[in-house]
Amino acid sequence: MKKPELLITAGSCREIETYAASGADAVQIGENRYGVRMPGNFDIAGIKEAIQTAKQCGVRVYVSVHNLIPHERLDGLGDYLEKLAEWEADAIIFGDPAVLVTLKERGLQMRLHWDGEMTATNAETANFWKKHGAVRAVLARELNLEEIKMFRKQTDMEIQVQVHGITNIYHSMRRLVTSYMDHLGRHTPDMKYGAEQGLYLVEHERRGLKLPIFEDDAGTHIMSPDDICMIENLDELAEAEPDSLKIEGLLKTEQYNETVVRCYREAIDALYSDPEHYEFDEQWLEKIEELQPPGRELSYGFYYKEQVY
Amino acid sequence: MGSATIKKPELLAPAGNLEKLKFAIHYGADAVYIGGQKYGLRSNADNFSFEEMEEAVRFARKYGAKIFVTTNIYAHHEDLDGLEEYLSTLQDIGISAFITADPVVILAAKRAAPKVEVHLSTQHSTMNYKAARFWKEEGIPRIVLARETSFEDIELIKRNVDIEIETFIHGAMCSSISGRCVLSNHFTDRDSNRGGCSQSCRWKYDLYMKDKRYPMFSPDDDAFTMGSKDLSMIEHIPRLIEIGVDSFKIEGRMKSIHYVASVVSAYRQAIDAYLSDPEGYQLKEEWVEQIEKAATRPLGSGFYFAPPESTGHIYGSEDHSPGYDFAGLVLDYDDSTKIAKIQQRNHFRPGQTVEFFGPDGRSFTQTVGTLWDEQGQEIDAARHPLQIVQFRVNRPVRKWDMMRKQI
């Protein structure tokens, strides 16, 4: 069994150092014009520094360029990609084919991870993006374990699955919180509705679920009411032979994420060094549960679910 | 812009079943898109069997119209068995295009049904000209743009890439980026990207701020919602034509024949009026009224001018009665007696005011006089669904004209 990479998103150089020290093999960073829903507030200079920091810490660094790209950001895309190549990002993550076209125009060769968010649902489509240069497919979180295994069988690309944390469940290019507050006559120009404000929605028929919501330059994002946690089931997940296990650190504290990385690190090391005698250590889960924000349950996401349509 | 440079756009209408399809075409659609039994995004709609598709194609050909079939799911592995056979059957039936989002379906269509055009669905959210160029190089002849594109975006794409552009001009809209919403998956275990959308964006939510632990609303305030107003671009036809949109798309495979016929006919008249005399074109109030009589939600202009703000969304009640009901369908008319034979589609009775309208903008209002059943017996109301009744009309009507009543 090939040991998968442990990947986590990071929002600052300090976080990169912390997560590297805790056992992450790779970090995902991004600024919010070309990346999407990335923690932290990196500007382009900050991305350079973060890439350097990751390299000094000995972890791979992937840069998110996987937002859908409106025209007003299209002009700056080529220069940004050139910088990322020059700074030797280990890979860039893309969704919009404009990224592929721009790389070609500039004659840039970079390792490409295809992340179609909820639209990355089958291997043949991943292979289509492979033909266009992608080496890794980031799988939709809405796939179940059986589907992930099937995916594995049908592509020789690297596959990345999310094992922990929040997921995006709705993305609009409208400013929905601003619009609502304006409708109520309560919006003032100084009001902010960013990720740090801790806004959440409660659906009227599902009072127990809190759905985080925030606005940024890319519009409005609504997030899952629970956090995926697959630490108990890494042995089952191993059957799908994933190449990368991702922890989504968005909307969590550095301390929480550090603990999560440590626990997964220990579990992965134990599992892959001796799969025959692997035993799950309850402490890993308990440590995470201790820090789990109140009102947010840990769940298996869609790993064991059947969906209808 | 001189008329010599103006290209006639296609008017593309939805149809949830064969009857709606026939009315869409009869009322002026150049092309109609439908769903089959599989691979489309409206698993709740009637959807077409192969036999019905054959009839659809035969009917469309008589009018010189085209049939497109939606195959725009994001497929999971279990969906792929039988896909090529399905697409190949549709090619044999004679449809003109597949509307696709997932590359796996695009590839299957190219292998199994190479004679059918492959259009890229709005589900792919194409919003810039470089992405459009990518798909052009993949052999895609037409892109249905993201609903987030503005007039300027469309112009930029048309200017930079030689590819057909289809945009939504009317109907309901996802408020999310299309394909980027799995609310249904989370709330109801139904996969929105495979046709299971539960319209959770139109549900009601409370908005809180965690740190301060206080609600952002008062108890008597409207609830938070993501629900969008419907799109209506009837007032902006000249600009849409001038920037070179190749196909004007109307949303609504779940909508009624009254809706489809009213909306299609209004846009048909506006497009034809502009094409016949661009300089002298004037928006007619009756087209706008025609659309409002069918609208089931308040209307707006989507992202064409700027992203929708507070006035682009529906807070409070979603209910927006169009004020009119489809009451009857004209089956026949006898010019000597002035008596129309009408199939009942909703309750009506003598003394009520009704409006007749036909495909080319003909319309008039009258009061229902003496009402007879099919055998000529006087009746006090047309109260049975699909019952055939007769009464005298003030002006000539034609088969397939519609009759509506104010609610």
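Only a predicted model underlies this, so the values are computations on that prediction, with no experimental measurement involved. (Residues numbered from 1 in each chain as written. Chains lettered and ligands numbered in written order. Predicted model: local features only at pLDDT ≥ 70, side-chain atom pairs only at ≥ 80, totals over all residues. Heavy atoms only, no water.)

**Quick notes on the sheet that holds strand S8 (residues 205–209) of chain B**
Formally: A pair of strands is treated as paired once DSSP finds two or more bridges between them. Helix and strand assignments follow DSSP, with helices taken as H or I runs no shorter than four residues and strands as E runs no shorter than two, numbered in order from the N terminus.
As summarised here, the arrangement of the 6 strands in space is S8(A)-S11(A)-S10(A)-S9(A)-S8(B)-S9(B), forming an open sheet in which the pairing is antiparallel. Because the sheet does not close on itself, it has two edges, and the strands there are strand S8 (168–172) of chain A together with strand S9 (214–215) of chain B. Here strand S9 (residues 199–203) of chain A pairs with S8 of chain B via 5 bridges, running antiparallel. From the neighbouring strand, Tyr-200 of chain A faces S8 of chain B, where its bridge partner is Tyr-208 of chain B.

**Things to note about the domain arrangement of chain A**
All names here are of chain A. Note the threshold: Residue ranges assigned to each domain were obtained from an automatic or database domain assignment. Every residue pair with non-hydrogen atoms within 4.5 Å of one another is taken to be in contact. Definition used for salt bridges: Asp or Glu carboxyl oxygen within 4 Å of a side-chain nitrogen of Lys or Arg. What qualifies as a polar contact is a pair of N or O atoms within 3.5 Å, subject to a donor-acceptor requirement within protein and to the restriction that residues adjacent in sequence count only when both atoms come from side chains.
Looking at the assigned domains, one finds that chain A contains domain 1 (5–167 + 224–299) and domain 2 (176–221). Computed over C-alpha atoms only, the centres of domain 1 and domain 2 are separated by 26 Å. Each side of the interface is counted separately: domain 1 has 12 residues, and domain 2 has 10 residues. For the pair domain 1 and domain 2, the interface holds 0 salt bridges. Summed over the shared surface of domain 1 and domain 2, the result is 2 residue pairs in polar contact (both at pLDDT 80 or more).

**A word on the state of the cysteines**
Note the cut-off: Here, a disulfide means two cysteine sulfur atoms that sit within 2.5 Å of each other. In this scheme, a residue with accessible area under 20% of its type's maximum is buried, one over 50% is exposed, and one in between is partly exposed, where area comes from a 1.4 Å probe on protein chains only.
For the structure shown, the criterion picks out 0 disulfides over all chains. For Cys-57 of chain A, which is in no disulfide, the shortest distance to another cysteine sulfur is to Cys-13 of chain A and amounts to 8.7 Å. On the accessibility criterion, Cys-57 of chain A (31% relative accessible area) is partly exposed. Distance from the sulfur of Cys-197 of chain B, which forms no disulfide, to the nearest cysteine sulfur (Cys-201 of chain B) is 6.3 Å.

**Focus: the nonpolar core**
One recurring pattern in soluble globular proteins: nonpolar side chains tend to sit buried together. Our working rule: In these notes, a set of buried Ala, Val, Leu, Ile, Met, Phe, Trp, Tyr and Cys residues joined through side-chain atoms within 4.5 Å is what counts as a nonpolar core.
By size, the foremost hydrophobic cluster in this structure holds 178 residues, and its most contacted members are Leu-84 and Tyr-264 of chain A together with Leu-21 of chain B. In contact with Leu-21 of chain B, other than residues within four places in its own chain, are Ala-15, Val-32, Ile-34, Phe-48, Ala-56, Phe-59 and Ile-67 of chain B.

**Some words on the side chain of Ser-247 of chain B**
All names here are of chain B. Position of Ser-247 relative to the elements: it lies in strand S11 (residues 247–250). Judged by relative accessible area, which is 0%, Ser-247 ranks as buried. Within polar-contact distance, the side chain of Ser-247 engages the side chain of Glu-10 at 2.7 Å. There is a polar contact of 3.4 Å between the side chain of Ser-247 and the side chain of Arg-142. If sequence neighbours within four positions are ignored, Ser-247 has contacts with Glu-10, Leu-12, Arg-142, Ile-165, Glu-166 and Thr-167.

**Some remarks on unusual backbone geometry**
In this structure, Arg-37 of chain A takes a positive phi of about 55° despite not being glycine. In this fold, Arg-37 of chain A is placed in the loop between strand S2 (26–29) and helix H2 (44–57). Under the relative-accessibility criterion, Arg-37 of chain A is labelled buried at 7%. Not every positive phi belongs to a glycine, and Lys-338 of chain B is a case in point at roughly 65°. Topologically, Lys-338 of chain B is positioned in the loop between strand S13 (324–334) and strand S14 (339–344). With relative accessibility at 37%, the residue Lys-338 of chain B sits in the partly exposed group.

**Points about the packing of helix H1 (residues 18–26) of chain B against helix H2 (residues 50–63) of chain B**
All names here are of chain B. Worth spelling out the cut-off: Working convention: axes come from line fits to C-alpha atoms, limited for helices to the stretch in contact. Angles between N-to-C directions cover 0 to 180 degrees. In this scheme, roughly parallel covers angles under 35 degrees and roughly antiparallel covers those over 145, while 65 to 115 is roughly perpendicular and the rest are oblique.
Across the interface, H1 lies against H2 with an axial gap of 10 Å and an inter-helix angle of 10°. With respect to each other, H1 and H2 are oriented roughly parallel. Residues Leu-18, Leu-21, Lys-22, Ile-25 and His-26 of H1 form the contact with H2, whose own contacting residues are Glu-52, Glu-55, Ala-56, Phe-59, Ala-60 and Tyr-63.

**Side note on the interface of chain A and chain B**
The condition is simple: Buried area is calculated as the accessible area (1.4 Å probe) missing from two parts once they are joined, with the contributions of both summed.
On the chain B side, the residues contacting the 74 residues of chain A number 76 residues. Between chain A and chain B, a total of about 6,900 Å² is buried, with carbon and sulfur atoms accounting for 60% of that surface. Counting the contacts that link chain A with chain B gives 6 salt bridges. With a shortest N-O distance of 3.0 Å, Asp-221 of chain B and Arg-186 of chain A are connected by a salt bridge. Linking chain A to chain B there are 41 residue pairs in polar contact (both at pLDDT 80 or more).

**Quick notes on the packing of aromatic side chains**
The geometry of an aromatic ring pair is captured by two quantities: the separation of the ring centres and the angle between the planes. Rules: Side-chain rings of Phe, Tyr and Trp (the six-membered ring for Trp) are treated as a pair once their centres are within 6.5 Å; stacked means planes under 30 degrees apart, edge-to-face means over 60, and tilted covers the remaining angles. Only when the NZ of Lys or the CZ of Arg is both within 6 Å of the ring centre and within 35 degrees of the ring normal is a charge said to sit over the ring.
Taken as a whole and judged by the stated rule, the model has 32 aromatic pairs over all chains. Look at Trp-114 of chain A and Trp-129 of chain A: their rings are 6.1 Å apart centre to centre, the planes differ by 25°, and that puts the pair in the stacked class. Remark: Trp-129 of chain A occurs in helix H5 (residues 123–131) and Trp-114 of chain A occurs in strand S5 (residues 112–115); sequence separation between them is 15 residues. The two residues Trp-114 of chain A and Trp-129 of chain A agree in class, both being buried. Through a chain of ring-to-ring contacts, the aromatic side chains of Phe-94, Trp-114, Phe-128 and Trp-129 of chain A together with Phe-134 and Trp-135 of chain B assemble into a single cluster. Directly above the ring of Phe-302 of chain A sits Lys-305 of chain A, whose terminal nitrogen or CZ lies 4.8 Å from the centroid. Of note, Lys-293 of chain B hangs over the ring of Tyr-324 of chain B, and the distance from its end group to the ring centre comes to 5.1 Å.

**Observations regarding a negative patch on the surface**
Residues and elements named next belong to chain A. Defined as follows: Each patch is assembled from residues with relative accessible area greater than 30% and no salt bridge, linking like charges that lie within 9 Å and nonpolar side chains (Val, Leu, Ile, Met, Phe, Trp, Tyr) that lie within 5 Å. All accessible-area figures derive from a Shrake-Rupley calculation using a 1.4 Å probe, and residue coverage is judged against the displayed protein chains alone. We treat Lys and Arg as the positive residues and Asp and Glu as the negative residues; His and chain ends play no part in the count. In plain terms, the charge of a residue is placed at NZ if it is Lys, CZ if Arg, CG if Asp and CD if Glu.
On the surface, a cluster of negative charge is contributed by Glu-266, Asp-281, Glu-282, Glu-286, Glu-289 and Glu-290. For the negative patch, the element with the highest residue contribution is helix H10 (residues 282–291), accounting for 4 residues. Looking at where Glu-286 falls in the secondary structure, it is placed in helix H10. Residue class for Glu-286 comes out partly exposed when judged on its relative accessible area of 40%.

**With respect to the domain arrangement of chain B**
Residue and element names in this part refer to chain B. The domain boundaries assigned to chain B delineate domain 1 (3–179 + 227–312) and domain 2 (324–406). For domain 1 and domain 2, the distance between their C-alpha centroids amounts to 32 Å. Roughly 1,400 Å² is buried in total at the junction of domain 1 and domain 2, and carbon and sulfur atoms are behind 61% of that figure. Contact with domain 2 buries area across many residues of domain 1, yet Tyr-27, His-258 and Lys-293 alone supply 45% of it, more than any other trio. Here domain 1 and domain 2 share 2 salt bridges between them. As a salt-bridge pair, Arg-345 and Glu-19 come within 2.5 Å of each other at their nearest N and O atoms. Scanning the region where domain 1 abuts domain 2 turns up 8 residue pairs in polar contact (both at pLDDT 80 or more).

**Description of the environment of Ala-140 of chain A**
With respect to the element layout, Ala-140 of chain A can be found in the loop between strand S6 (134–138) and helix H6 (145–153). The spacing of Ala-140 of chain A and Lys-104 of chain A is 36 residues in sequence and 27 Å in space, taken between C-alpha atoms.

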